[in-house]
Amino acid sequence: MKPLSLLIEILIILGVIIKNIEAERHNKKQKGRNVTTQVSVNEVKQFLSHILERRKLLKVIYQRENALVKRKIQRKLRIKGIQNKDLSKRNKNYLRRQAKKNFTDEGDQLFKTGIKILQQSKSQKQKAEAYVFFAKAADMGNLKAMEKMADALLFGNFGMQNITAAIQLYESLAKEGSYKAQNALIYYTFGSAGGSMMSQMILGYRYLSGINVLQNCEVALNHYKKVADYIADKLEKSESIPVEKVRLTERPENLSSNSEILDWDIYQYYKFLAERGDVQIQVSLGQLHLIGRKGLDQDYDKALYYFLKAAKAGSANAMAFIGKMYLEGNAAAPQNNATAFKYFSMAASKGNAIGLHGLGLLYFYGKGVPVNYAEALKYFQKAAEKGWPNAQFQLGFMYYSGSGVWKDYKLAFKYFYLASQSGQPLAIYYLAEMYATGTGVLRSCRTAVELYKGVCELGHWAEKFLTAYFAYKDGDIDSSLVQYALLAEMGYEVAQSNSAFILESKKVKILEKDKMYPMALLLWNRAAIQGNAFARVKIGDYHYYGYGTKKDYQTAATHYSIAADKYHSAQAMFNLAYMYEHGLGIAKDIHLARRLYDMAAQTSPDAQIPVFFALMKLETVHLLQDILFFNLTMLWKWVKLDNALGPSWDLFVIGLIVAVLIFLLRNHYW
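An account of the accompanying structure is given in this report. What you see is a predicted model, and the numbers here were worked out from it, not measured in a lab.

As a further point, take the overall build of the protein chain. Along the protein chain, the regular secondary structure elements total 31 helices and zero strands. When burial is assessed residue by residue, the protein chain has 44% of its 670 residues classed as buried. Sequence-distant contacts, at least 24 apart, represent 53% of the contacts inside the protein chain between residues at least 6 apart. For the protein chain, the accessible area works out to roughly 36600 Å², and carbon and sulfur atoms hold 57% of it.

This part covers the side chain of N498. Considering the arrangement of structural elements, one finds N498 in helix 24 (residues 493-505). Since its relative accessible area comes to 0%, N498 is described here as buried. Residues within four places of N498 in sequence aside, it is in contact with V246, R247, L248, T249 and Y484.

Another aspect to go through is the pattern of salt bridges. Taken as a whole, this structure holds 12 salt bridges when the rule is applied. One salt bridge connects R206 with E489, and the closest N-O pair in it is separated by 2.8 Å. In this pair, R206 sits in helix 9 (residues 197-209) while E489 sits in helix 23 (residues 477-489), placing the two residues 283 residues apart along the sequence. Across the pair R247 and E493 runs a salt bridge, and its minimum N-O distance is 2.9 Å. With a gap of 246 residues between them, R247 in the loop between helix 10 (217-236) and helix 11 (264-275) and E493 in helix 24 connect regions that are remote in the sequence. A residue is classified by how much of its surface remains accessible, and E493, at 14% relative accessible area, is buried. Residues participating in the shared-partner salt-bridge network are R206, E489 and R526.

It is worth spelling out the packing of helix 9 against helix 23 at this point. Orientation of helix 9 relative to helix 23, taken along the N-to-C sense of each, is 60°, at an axis distance of 8 Å. If you check the angle between helix 9 and helix 23, you find them oblique. Here helix 9 contributes M198, I202, Y205 and R206 to the contact with helix 23, which in turn contributes L486, A488 and E489. Partitioning the contact of helix 9 with helix 23 into residue classes produces five nonpolar, no polar and two charged.

What follows deals with helix 12 (residues 279-291). Taking 1.5 Å per residue as the helical rise, helix 12 with its 13 residues ought to reach 18 Å, and the 19 Å between its terminal C-alpha atoms agrees with that figure. Every buried residue of helix 12 is accounted for by I281, Q282, V283, L285, G286, L288, H289 and L290. Where helix 12 begins, one side-chain oxygen reaches toward the backbone nitrogen of Q280, 3.2 Å away; that side chain belongs to D278. Within two residues after helix 12, G292 carries a phi angle of roughly 75°, on the positive side.

For the rest of this paragraph, the subject is the packing of aromatic side chains. Evaluated as defined, the whole model comprises 33 aromatic pairs. Where F393 meets Y430, the ring centres are 5.9 Å apart and the plane angle is 35°; that geometry is what we call tilted. Of this pair, F393 sits in helix 18 (residues 389-401) while Y430 sits in helix 20 (residues 425-437), and the two are 37 residues apart along the sequence. For the pair F393 and Y430, a shared accessibility class is recorded, and that class is buried. Ring pairs connect the aromatic residues F364, Y365, Y373, F380, F393, F397, Y400, Y409, F416, Y429, Y430 and Y452, which therefore count as one cluster. Between K378 and the ring centre of Y379, over which it is positioned, the NZ or CZ distance is 4.9 Å.

Among the secondary structure elements, K464 is positioned in helix 22 (residues 464-473). The exposure class of K464 is buried, given its relative accessible area of 18%. Each C-alpha atom, one on K464 and one on L487, is 7.9 Å from the other, the two residues being 23 residues apart in sequence.

This brings us to a nonpolar patch on the surface. Together, I609, F612, F613 and M616 give the surface a local cluster of nonpolar side chains, amounting to about 470 Å² of exposed area. One can find F613 in helix 30 (residues 608-645). Residue F613 is classed as exposed on the basis of its relative accessible area of 55%.

This brings us to the nonpolar core. Core analysis: the largest hydrophobic core is formed by 114 residues, its most contacted members being F307, F416, M490 and Y492. If one sorts the elements of this core by residue count, helix 20 sits on top with 10 residues. Counting 26 residues, the second-largest nonpolar core is a separate cluster that includes Y560, A564, M573 and A593.

How each quantity is defined
Residues numbered from 1 in each chain as written. Predicted model: local features only at pLDDT ≥ 70, side-chain atom pairs only at ≥ 80, totals over all residues. Heavy atoms only, no water. Helix = DSSP H or I, 4+ residues; strand = E, 2+ residues; numbered from the N terminus. Buried < 20%, exposed > 50% of the residue type's maximum accessible area, 1.4 Å probe, protein only. Contact = heavy atoms within 4.5 Å. Areas by Shrake-Rupley, 256 points an atom, 1.4 Å probe, with all protein chains shown as cover. Salt bridge = Lys/Arg side-chain N within 4 Å of Asp/Glu carboxyl O. Axes fitted to C-alpha atoms, helices over the stretch in contact; angles between N-to-C directions. Parallel < 35°, antiparallel > 145°, perpendicular 65-115°, else oblique. Nonpolar A, V, L, I, M, F, W, Y, C, P; charged D, E, K, R; others polar. Expected span 1.5 Å × (residues − 1). Polar contact = N/O pair within 3.5 Å; in protein donor to acceptor, adjacent residues only side chain to side chain. Phe/Tyr/Trp six-rings, centres within 6.5 Å; stacked < 30°, edge-to-face > 60°. Lys NZ or Arg CZ within 6 Å of the ring centre and 35° of its normal. Patch = residues over 30% accessible without salt bridge, like charges linked within 9 Å, V, L, I, M, F, W, Y side chains within 5 Å. Core = buried A, V, L, I, M, F, W, Y, C linked by side-chain atoms within 4.5 Å.

Now the structure itself:
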């Protein structure tokens, strides 16, 4: 199958998809689906199968037509002279060059149009329209458009997953020098040289963990820093990057209730409460729409609508967020420093930390007011005292750069650290810079890499967490796995856990079943190394039951011990207690088993019932064993005493006991 021939069919598919999306927009009775509009996958797959059947027929027809054309050309060449042949060849070459130039120019224009639509898109329908332009541009030989379409085929965007076709297209692109295609084909080194941020992350993670390369912290630092610099530049321009990382292992039986994603029903209920005047809900919905979180599309108009309603009711937070919108500028609230100052001042007068921080920004950058570092410092300090992490970061930056104050790296480190504890990404970035260069702190490559890695994971590629989750929720397991697997290669622990979880379910069709457990074990192991307690317990389970590896009770006990001691996992404590109870891989120890069962019950309320039954069983078995042991022991002792003291030795013992009791009673009364 030729990669470019597939793109023509994709155009038709996307047309159907757009119609499906438009129809779904009118269907408001969707229950159990997320607020984000989803594409009807089944119809697309049916249409795709129809196209594949049609392709087989067309292939036969094309072969016959090509044979006839070839014969005609051969006859003409025999009749015409050499001169005419050369002239015809020159004309054909000229026409080909002209056609290629026109195709290239038109392809570039179509790709740029698609990118523009994609950047401005707020819904799935608009994104699908962008891919129509990409498909047309790709059909005209535009490499960047072909990359977009290859990604769509690989990850199953809009329900058109075809991994075989994606690989063929990537191979074709890789030969043309596409670093993104090289990345997709695991050509990490070449891709990194080409400048791909995703390739830099993959290489950084591999050198950090020593995966197929010698572990080298300094090389990992170099790769991660390049990506972190790129992300920090985006963040400094206030281009917020929302990242929803749904963990499939937390609620496998009821993913729709996952707190990372806002369900349709809950969203409708929140809207109802907001319209009824619930100020807190109004502010929350405004924030979600402002940056596009929890599956909601970014919508500045809705954000401003909810903030204005809450501000009218006296919400200081809403006033501050309105100020933020006018400071940064957007379609709903055009950039206006005076309006920003007005709303920040209203919020600050109520002691609001966000408002105080906003005033500090205006004075620091001289927006609508003269630059005044002293005033900026005053407002940042007030906001930082109230625990606002952005203000803590700004203070750290002032001391780090010496803006309006003397440089003081110790104070800079203090404020960066405080802000980083709340997840402030720029604070984490500057902490990484300090550890990487040994500025104000003792240099630590490992710490710097871990901090840079945290910043890198905020890249736009993390949006695949959302699309992968929706694919999983809609039953498109293969598409979900491919997206999670790519993120797992980039070092995302959540993606590693999710990929392993999907492989473990054995619902994947693109892999052989006997390869699923070994791959899952590999991914659980990578997640465990990054600090996932659940993954550590899973590794123990795999060695205990022999999934993807040989049964090894000793190794299983080792992993359970790590999870119990380091992460206080109740499940690990319970499993380890069972192994001590039965002496599996470790020496049998009933007392330690009891202790671990008790610890599991104390650690997690969910473990109390299983622990109760486990202890009941342990005590019952132990009691039966004691009774049996006691009977056998006593029988043996009686036989020996009969031989030594005669048949009446028991009467002698009873008399001795009575004598001792009388003696004790007499002494007591004395």
